[in-house]
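The chain contents come next:
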Amino acid sequence: MGPAGTSSAPGGLGRNRETATLVLLSFAMLIVSLDQYIVVVALPDIAADLGYSAQTLQSVISAYAVTSAGFLLFGGRAADLLGRRRVLATGLALYAGAALAGGLATGPGALLAARAVQGLGGALVFPTTLAIINTTFVEGRARNRALGIWGGAGAAGLVIGVLLGGLLTQVFGWEAVFFVNVVLAGPALVLAFVVIPRDGEREKGRTFDLPGAIGISLGVTLIVFALVQGPVSGWLAPGILVSAVAGVLLIGAFVVIERRSSDPLMPPRLLSHPHLITGVVIAFMFMATFGSVLYFLSLYFQEVLGYDALQTGVGFLIPTAVVVAGSTVAGRLVTRFGLRRTLAVALAVGALGAVALGLAISPNGTYAGLVPGLVAVGMGDGVVFTAMFIAAATGIPDRDQGIASGIASTGAGAGGAVGLAVLVLVSTVGLDGLSGERLRIAGAHGIRTALFVVAGGIAATFLVAMRRCPTPSEPVPGPVPYQTRRC
C-alpha cells in the first residue's frame, strides 16, 4: 500500500490513478533525460552567438551535469522529509524557469547560471520520480513493470533530445532547445498537482540535517567538477586540484556530521542494506561503461565518419529503440527469471556488443558494420538500467525510498563522471600534435580502444552481479524491513 492509499493489482497497472501517476512520472523522466543531449547539438551556435571559446564551451554541459550529480542525495532526502509532490513540483518549476532564463541569456555567465539551476531542478526531479514509483506500486511484478516503463521513457529521451536539438537549432536557433523545456515542463508541473495526491503532514521527530545535506552536496559537486573538467583543464591545474581536495574534505566532514546527527541524511541502516548496496555498485559500473558509449559513438559519427548533428541523431535511432525495448521488458524478465539471471544475461550480451562495436570501428568503417554491436549494447543497456534500480529499491521502507533513490542515482552519476574521465584519457593517448587525416585515423583507433575497455568494465560488472545479487520479493509484514533472498 503506497502513500496515495492505492494498491497495485498483481497482474497489471490498471486504468486508475496509478496509471496516470506512472504516465506523468515517465514524462517527467523523459523531460530530464532530454537535456543530456538536446543542448549538445546546439553548442556550435551557442559558442558563435554568446562568445564562448573552444576551452569554455564544454562548461555549458558540465554546469548542468556537475550540479545535478551533486544534489541528487539532497533531492532524494528532501522528497522523504518535505513531501514528494512538493519536491517534484519544485524541481519542475526550477527546471522550467531555468530553461526560460537560458533561452533568454545574452552572455556566457547568464547561461551558465541558468544551466546550474536547471541541474538543481533535475536533481530534485530524478530521485523523486523514482521514489514515487517505488511507494505507489507494490514491490514485485507491478513495481518492476512500472520501473520498466519509467526507464524506457528515460532512454527514449536521449535520442529524442539529439533529434529535437538538431531540428530546433536548424529551424529556430539555439534558444529553442531551452524554450522547448518550458513547453514540456510547464504542463507536467500543473499535472503534478492534479494526479499526485497531496503530501501528508511531516513525520514528527524527523529533521532535514541541513549541515549534512550541504556538506555532501558540495563535496560531490566539487569532485564531479574535477572529474569532468580534468581532461579539459589538465589534472594538475590549480582549480582541479583545489576542487578535488576540497571535495574530499567536505565528504569527510559529512561522515563526521552523520555520526553525530540524531536523524542523519543517510541513515546508517541503509549503508548495510544488501539490495541497495548491490544496486549502487552496479549503477556506478553501469554508467562508467554503458553510460559512456553514447559519447564515443557521437565522436565517431561526427569526427570520423563526418556526420552532421541530424545524421548523428538518426544514427542513434536503432540503438535507442533497442534500449527502450530492453528497459520496458526488463521488469517482466526480473519477475520471471530473477534479478541475478536477468542481469547476468544482459551484461554478457552488452559486453559482447561492446567488443563487436570495437571491432567494427575503423577510419573507413560503415554504419551497417556497427548495427550488430549497437543492438547488443542497446539491449544490455536497457535491461540493466531498469534492473539496477529494481535492486536498489527492493526491501526499502517507504519512508526511506527518496534517499535510497538519491543514493542509487548519485552512484550512477559518479560512475558516469569517473568512467568518462578514464575513457577519455584512454582514447586520447597519442593524439597531441596531430591534425587533419592523421587525427581522424588516430581518433578512430582511440575510440576503438575505449570500447574494448568498456567491454572489460561490463565483464567486471557481470562478476559483481553473479557474486551477490538479490531476487526481489514481496514485502515481509512485521518489523523486518526487508528480506534477503538469493537468486
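About the criteria used
Counting of residues starts from 1 at the beginning of each chain's written sequence and follows it residue by residue. pLDDT decides what is reported in this predicted model: residues at 70 or higher carry local features, side-chain atom pairs at 80 or more are listed and counted, and totals for whole chains, interfaces and linings draw on all residues regardless. To get the side-chain values, all heavy atoms of the structure are used, and hydrogens and water are removed first. Every helix listed is a DSSP run of H or I at least four residues long, and every strand listed is a run of E at least two residues long, numbered separately from the N terminus. Remark: exposure states derive from per-residue accessible area (1.4 Å probe, protein chains only) relative to the maximum for the residue type, with buried under 20%, exposed over 50%, and partly exposed in between. When a carboxyl oxygen of Asp or Glu is within 4 Å of a side-chain nitrogen of Lys or Arg, the pair counts as a salt bridge. A pair of aromatic rings is counted whenever rings of Phe, Tyr or Trp (Trp by its six-membered ring) have centres within 6.5 Å, and the orientation is called stacked for planes under 30 degrees apart, edge-to-face for over 60 and tilted otherwise.

## Section: the environment of Leu 210
Following the sequence through the fold, Leu 210 ends up in helix α9 (residues 210–233). Residue classification places Leu 210 among the partly exposed residues on the basis of a relative accessible area of 47%. Between the alpha carbons of Leu 210 and Arg 115 there is a distance of 24 Å; along the sequence they are 95 residues apart.

## Considering the pattern of salt bridges
Per the counting criterion, the structure on display carries 7 salt bridges. Ionic pairing is found between Arg 77 and Asp 400, a salt bridge with its closest N-O pair at 3.6 Å. Of this pair, Arg 77 sits in helix α4 (residues 72–82) while Asp 400 sits in the loop between α16 (367–393) and α17 (401–427); the two residues are 323 residues apart in sequence, bridging distant segments of the chain. Arg 77 sits in the buried class, given a relative accessible area of 1%. Judged by relative accessible area, Asp 400 falls into the buried class, the value being 0%. One connected set of salt bridges, linked through shared partners, spans Arg 77, Asp 80, Arg 84 and Asp 400.

## A few points about the packing of aromatic side chains
Here the structure, examined in full by the defined rule, presents 14 aromatic pairs. Both rings, one in Phe 301 and one in Phe 316, keep their centres 5.4 Å apart while their planes meet at 65°; by these two values the pair is edge-to-face. Of the two residues, Phe 301 is situated in helix α12 (residues 274–304) and Phe 316 in the loop between α13 (309–315) and α14 (317–337); the sequence distance between them amounts to 15 residues. The exposure classification of Phe 301 matches that of Phe 316, with both residues buried. One aromatic cluster is present, built from ring pairs that chain together Phe 126, Trp 150, Phe 286, Phe 290, Phe 385 and Phe 389.

Any functional reading would require information that these geometric values do not contain.
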